[in-house]
Amino acid sequence: MKKQFAFFLLGREYDTGRDRATFETPGMTTHIYTVGNLAEACALAAGCAAQGVGAIELCGAFGPEGARAVRQAAGESVAVGYVVHDPSQDPVFEAFWGK
C-alpha cells in the first residue's frame with residue numbers, strides 16, 4: 001500500500017479549493033494543501049486521517065498551539081509536525097513576513 005503524506009500551508013490569501021497539489025511516486029502520494037485558518041486546517045486534518053494520510057507537516061505559521069490543535073483533530077494514528085527555524089533568523093523572517 002502506498003504511503004500518503006500531507007503538507008499544510010496557512011494563509012488568508014490562499015484559495016483553498018484551488019491552491020493545492022498532489023505528487024505521486026511509486027511508494028508515496030504527497031498532498032500540498034492550503035488553508036485560510038486553524039478551523040479549516042483541523043477539518044482537513046480529520047479528513048486526511050480518514051483517507052489514510054499517515055503524516056502531516058505544517059508550515060511554521062501554525063506554531064506549537066496550532067500544531068497541537070491539528071494533531072488532536074487528526075487523531076493518534078497520524079504523525080503531525082510543524083516547521084521551525086533557527087531563532088537567529090527571526091529578523092529575516094520578520095522582515096519578509098512583516099511581523
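In short, a report on the structure. All figures in this text were calculated on a predicted structure; none of them were measured in a lab.

For the rest of this paragraph, the subject is the nonpolar core. In terms of nonpolar packing, the biggest core is built from 20 residues, with Phe8, Cys48, Ile56, Leu58, Phe62 and Val70 touching the most fellow members. Each residue touching isoleucine 56, except ones within four places of it in the same chain, is listed here: Phe5, Ala6, Phe8, Ala45, Cys48, Ala74, Val78, Ala79, Val80 and Gly81.

What follows concerns the sheet that holds strand β4 (residues 55–58). Read from one edge to the other, the open sheet built from 5 strands follows the order β2-β3-β1-β4-β5, with strand pairing classed as mixed. Two strands in the sheet have a free side with no partner beyond their single neighbour: β2 (20–24) and β5 (79–82). Averaged over neighbouring strand pairs, the angle between their axes works out to 15 degrees when direction is ignored. Contacts between helix α1 (residues 38–50) and the sheet are confined to β1 (3–10), β3 (28–35) and β4, with β1 contributing the most and set at about 175 degrees to the helix. Of the strands in this sheet, β1, β4 and β5 touch helix α2 (residues 63–74), which is tilted by about 165 degrees from β5.

Scanning all chains against the criterion turns up 2 aromatic pairs. Centroid distance phenylalanine 8 to tyrosine 33: 6.1 Å. Interplanar angle 80 degrees. Geometry classified as edge-to-face. Pair noted here: phenylalanine 8 is in strand β1 and tyrosine 33 is in strand β3, with a separation of 25 residues, a long-range link. When its relative accessible area of 0% is taken as the criterion, phenylalanine 8 is described as buried. Taking the centre distance of 4.8 Å and the plane angle of 85 degrees together, the rings of phenylalanine 96 and tryptophan 97 count as edge-to-face. Classification of tryptophan 97 by relative accessible area gives exposed; the value is 54%.

Along any regular strand the residues' side chains alternate between the sheet's two faces. Two strands pair when backbone bridges link them, and β4 and β5 are joined in this way by 4 bridges, in the parallel orientation. If you follow glutamate 57 over to β5, its bridge partner there is glycine 81. Crossover β4 to β5 through α2 is right-handed.

What follows concerns the pairing of β4. Side chains Ile56 and Leu58 project from β4 onto a buried face, and the interleaved Ala55 and Glu57 project onto a face without burial. Note: β1 against β4, 4 bridges, orientation parallel. Opposite alanine 6, over in β4, you have isoleucine 56 as the bridge partner.

Look at α1: 18 Å from first C-alpha to last across 13 residues, which is about the 18 Å you get at 1.5 Å a residue. Those residues of α1 that sit buried are Ala41, Cys42, Leu44, Ala45 and Cys48. Viewed end-on, α1 has its buried residues packed into an arc of 165 degrees, placing them on one side of the element. Opposite the packed face of α1, turned more than 90 degrees from it, sit the exposed residues Ala39, Ala43 and Ala50. By the N-cap criterion, in which a side-chain oxygen at the helix start approaches the backbone nitrogen of a residue two or three places on, α1 is capped by asparagine 37, the distance to alanine 39 being 3.1 Å. The positive-phi residue at the C-terminal boundary of α1 is glycine 52, with phi of around 95 degrees.

Scoring rules and cut-offs
Residues numbered from 1 in each chain as written. Predicted model: local features only at pLDDT ≥ 70, side-chain atom pairs only at ≥ 80, totals over all residues. Heavy atoms only, no water. Core = buried A, V, L, I, M, F, W, Y, C linked by side-chain atoms within 4.5 Å. Buried < 20%, exposed > 50% of the residue type's maximum accessible area, 1.4 Å probe, protein only. Contact = heavy atoms within 4.5 Å. Pairing = 2+ DSSP bridges. Helix = DSSP H or I, 4+ residues; strand = E, 2+ residues; numbered from the N terminus. Axes fitted to C-alpha atoms, helices over the stretch in contact; angles between N-to-C directions. Phe/Tyr/Trp six-rings, centres within 6.5 Å; stacked < 30°, edge-to-face > 60°. Right-handed = clockwise from strand over helix to strand, strands pointing away. Expected span 1.5 Å × (residues − 1). Arc of directions from axis to C-beta. Polar contact = N/O pair within 3.5 Å; in protein donor to acceptor, adjacent residues only side chain to side chain.

These results come straight from atomic positions and should not be treated as a statement about function.
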